[in-house]
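Results of the structural survey
These are the residues of each chain, in order.
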Amino acid sequence: MLLDLLMGEGLQSAAVIGLSKNAGKTTVFNALIMEAKERSIPVGLVSIGVDGEERDVWSLQKKPPVKVPRGCLVATAGPLLEDRAGEWELVDTASVHSPLGPVVIARALKSTEVKLAGITRVESLREAQARLQQNGAELVLADGAYDRKAAACPLVTDGAICVAGAALSPSMDTVIRRMEETIRLFQLPQTTESLWRLAGERALAEGRVYGVAEGEIVPLPVSSLLAASSTWQKRLRKREWECWAIPGMATDRLLQKVEEAGRPLPLVLTDPTRCFASMSALRGYFRKGGSLQVLYGVKLVAVAVNPVSPEGYGFDPVEMKRRVSEVCHPVPVVDVVRDVG
Amino acid sequence: MFMDQETEAALLFTACWSRFQPVTPMGQEAKRTCRPFLPGQEREWQQTLEEQERLLEAADDQRWADRMEDCLKRVPDIRMILSRLVRGEVPGISEWFQVKRFLWQSRNLSRLLAEKALQSFFPIQREKEWETKLRILNPAPVLTPSFSVDDSFDLRLKRLRKQQAAWEERRRQAAATAAAEVERQTGIRRNRDGEWVVDRRHPMLPHLKERHGLRLMRETPFDAVFALSLPLSEQEAEEQEQLARQIETVEAEVLKRLAESFHPSLSALQEAIRTWCRLDLQWARMRAGRRWHGRRPVYSPDSYELRGGRHPVIEQRLKEKDCPFTPLDLHIFRGVTVIIGPNMGGKTVALRTLGLVAALGQYGFFVPSDEARMPLVPWITAIIGDHQDAESGLSTFGAEVKRLSRVWDRAEPGLLLMDEVGRGTNPREGAALSAAVTARLTAFNHWVVHVTHYGEVLSVRGIYAYRVAGLKQPEGTGEWVAKEVHRWMDYRLLPLQEGESVPRQALTIAAQMGLPVEVVDDARRRLDEQ
């Protein structure tokens, strides 16, 4: 069962993320909640907006409701609980605001449904998680925003379940290719070199690029490699760098600029969700001697497939699961609708 | 205006102000409109300081202080909810939860204040009275900080909900039995959502489509999804709908009754918000003062007197460079006090320290000084330029003259701090200007402190004067580096006695810093000739 995969890893929190809009995240989310209910595991639910962006209210209203069994905890905007006022016990507050109002922690007094207001900042999400845990949640499940990987950020949750849905494209080949790209990203190696890790941590804490050269960590006068390329390219050529740790994103253009400087060196990213480079660009970068590593890896616990698109088309469920399993190996692949527990 | 922006910047006031951190939403809002205590408010000022003194004593008990801090952080802002109640509106459950949290924390705060006998400073309802209000939102015997419209609010709720739960349980059991029957007959198991997902090639598919009690939910080219269909009779559906409506009606009645019950307490709650806001501000002042080891300033209508005055921001910066801060001893009377001394002698730091202590004191803080006596003044102006900005010397000078002429003939006596008036012009004009400004200021009733290295200023009659103690006997003859001057400089301010000459130490400093001996000797010769 899906929950076994989470509990087996000893995770206290997990995000459900989708490869695309309408991937079927809520179905997987609900399946996890039901499994936890059957096994009497106290669960806390929270929804992740995109860090730094407000999730728009339109999207929120279109979201299908989450099924909440009795005793389950949720972190959501107070006003979203008013429709079923008699079904909730409000137990705590968090100093967190969602676009729909201040976030409260509530316990379901009977089986009910809820809309989860998206929390947008990493710090706020951590606080909401902590409050859910303080009030008894042994497992916090985070409903990630669609078409974004940010929710899987290891600074937010311990692990992630990725949902590959037919909604991404009417072509199964396209869905499989995108899944493969995501898997490759999540499998980027975690930096083990202690100096490189220290440089990565400083880059993250201070929001600036750090390099490692001749056993020394060197701050660079740029916060990102996406701009002012002539400045950092000169510095790149000047020394024998072991690696550069960058606090922001890696894109195709960035890799190209590093190559232009003639030094495809190892780049350390905070986590895989910061990599927006295409597979072909990444492959080219690795071939030329460069590499991409991460400070914190994402623990991808499982991949869930949904062969049905709300657009009306669908894939052969058996074939889809088989092909996704091939590209995701050894990550387990489940179909929560068709797999009978 | 009590202090203009230039003064705040010159005194590094904002860095200290940022250490003043109220924790309630009301306190944080009130901080933005905090005003200093002004002449005529001496009693209120001392009352504020007295309260902090008591809080400080109480906070020696660290466990108590932690509880107080924790309670304050949890006091929610219920002003909007009270406004809704005043308008006769009915708050929802999340708002009642906030009200309950407010009452809960109010009860805790009352208890904490009572433990340290502080109720006379923050008069508020007693613990028992808070409990009475809490009982309105918590009719169940056990008081809890959570909130729900539970059965104990209305006997009808218990009965109706019990009926609904019993019906739901019957439906659940009927569904389980029906589902088990489908599984037994077809051999196909449900998924976690209670649905049967059936391959379109499955031989049982036609049977399932025809089967009574199953509904085809959706179909794809690959499979069909069925769910149980347990239709309700019209009468049963009507009964259940009515039951749900009745529950909703009673719940709404409960919320409305709560609103009515709180009407008589609204003004007391508003008063409580004001009291907690004041407590939050005082607690935050006390904590800020404790961070800079502050002492309670004493009212002194005619003079400023500091013993061991410090500037926490400069002290911290020096500490980071491993340099000590020399505490300031100073007595400033109405009129003009001149502080004279060599460059790098710490005169500007003294000016900033005095200004900061005076400003923090007037904002009701304990001040960073072992002892401090001070008046309340309606304004503080510091004219302290940026010594590093040589290029803008003359334009800075112009701007400073403008600021000076705006304040010096103000009717109400205030504190005017001036740093090197006349610098940036040629030395002769500068010295003359510096002396003239000083002379002019002796005609007013302000507290003026003028730091300068122009000896000519000392010729002005009727001034008080201090000098920087200056260089100690240099040890060795090696060259100094600028950052090491502090090792040889005695930054203390000493009252300048009648007829006492000011030691000329610029040449000594220049020599120690590496200026060729023949150049320094030539300079000495020229001085002697003058």
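Described below are features of the structure shown in this document. (Residues numbered from 1 in each chain as written. Chains lettered and ligands numbered in written order. Predicted model: local features only at pLDDT ≥ 70, side-chain atom pairs only at ≥ 80, totals over all residues. Heavy atoms only, no water.)

**Let's talk about the sheet that holds strand β1 (residues 196-199) of chain B**
Residues and elements named next belong to chain B.
- What the three strands build is an open sheet, ordered β1-β3-β2; its pairing is antiparallel. Of all the strands in the sheet, the pair left with one neighbour each is β1 and β2 (214-219). On average, each strand axis in the sheet is tilted by 30 degrees relative to the strand beside it, whichever way the strands run.
- Summarising the sheet, β2 and strand β3 (residues 223-228) pair through five bridges and their orientation is antiparallel. Residue Arg-215 lies in a different strand from β3, and its bridge partner there is Ala-227.
- Of the strands in this sheet, β1, β2 and β3 touch helix α9 (residues 155-186), which is tilted by about 145 degrees from β3. (Pairing = 2+ DSSP bridges. Helix = DSSP H or I, 4+ residues; strand = E, 2+ residues; numbered from the N terminus. Axes fitted to C-alpha atoms, helices over the stretch in contact; angles between N-to-C directions. Contact = heavy atoms within 4.5 Å.)

**A word on the interface of chain A and chain B**
- Counting residues at the interface gives 34 residues for chain A and 26 residues for chain B.
- Summed over both sides, the interface of chain A with chain B buries roughly 2500 Å², with 53% coming from carbon and sulfur.
- Counting every contact that joins chain A to chain B gives three salt bridges.
- Here Glu-168 of chain B ties to Lys-110 of chain A by a salt bridge, and the two come within 3.1 Å at their closest N and O atoms.
- Taken together, the connections running from chain A to chain B amount to nine residue pairs in polar contact (both at pLDDT 80 or more).
- For the side of chain A that touches chain B, the secondary structure elements donating two or more residues are α2 (25-38) and β5 (88-98) of chain A.
- The greatest single-element share of the side of chain A that touches chain B, amounting to six residues, is contributed by β5 of chain A.
- Grouping the amino acids of the side of chain A that touches chain B by side-chain chemistry returns 18 nonpolar, six polar and ten charged. (Buried area = accessible area lost by both parts, 1.4 Å probe. Salt bridge = Lys/Arg side-chain N within 4 Å of Asp/Glu carboxyl O. Polar contact = N/O pair within 3.5 Å; in protein donor to acceptor, adjacent residues only side chain to side chain. Nonpolar A, V, L, I, M, F, W, Y, C, P; charged D, E, K, R; others polar.)

**Observations concerning the packing of helix α6 (residues 79-86) of chain B against helix α12 (residues 266-291) of chain B**
Residue and element names in this part refer to chain B.
- Put simply, α6 and α12 touch, their axes get as near as 11 Å, and they point 160 degrees apart. Looking at the two axes, α6 sits roughly antiparallel to α12. For the pair α6 and α12, the sense of crossing is left-handed. Only Leu-266, Leu-269, Gln-270 and Ile-273 of α12 make contact with α6, whose side of the interface consists of Arg-79, Leu-82, Leu-85 and Val-86.
- Classifying every residue of the contact of α6 with α12 gives six nonpolar, one polar and one charged. (Parallel < 35°, antiparallel > 145°, perpendicular 65-115°, else oblique. Left-handed = near helix turned anticlockwise from the far one by under 90°.)

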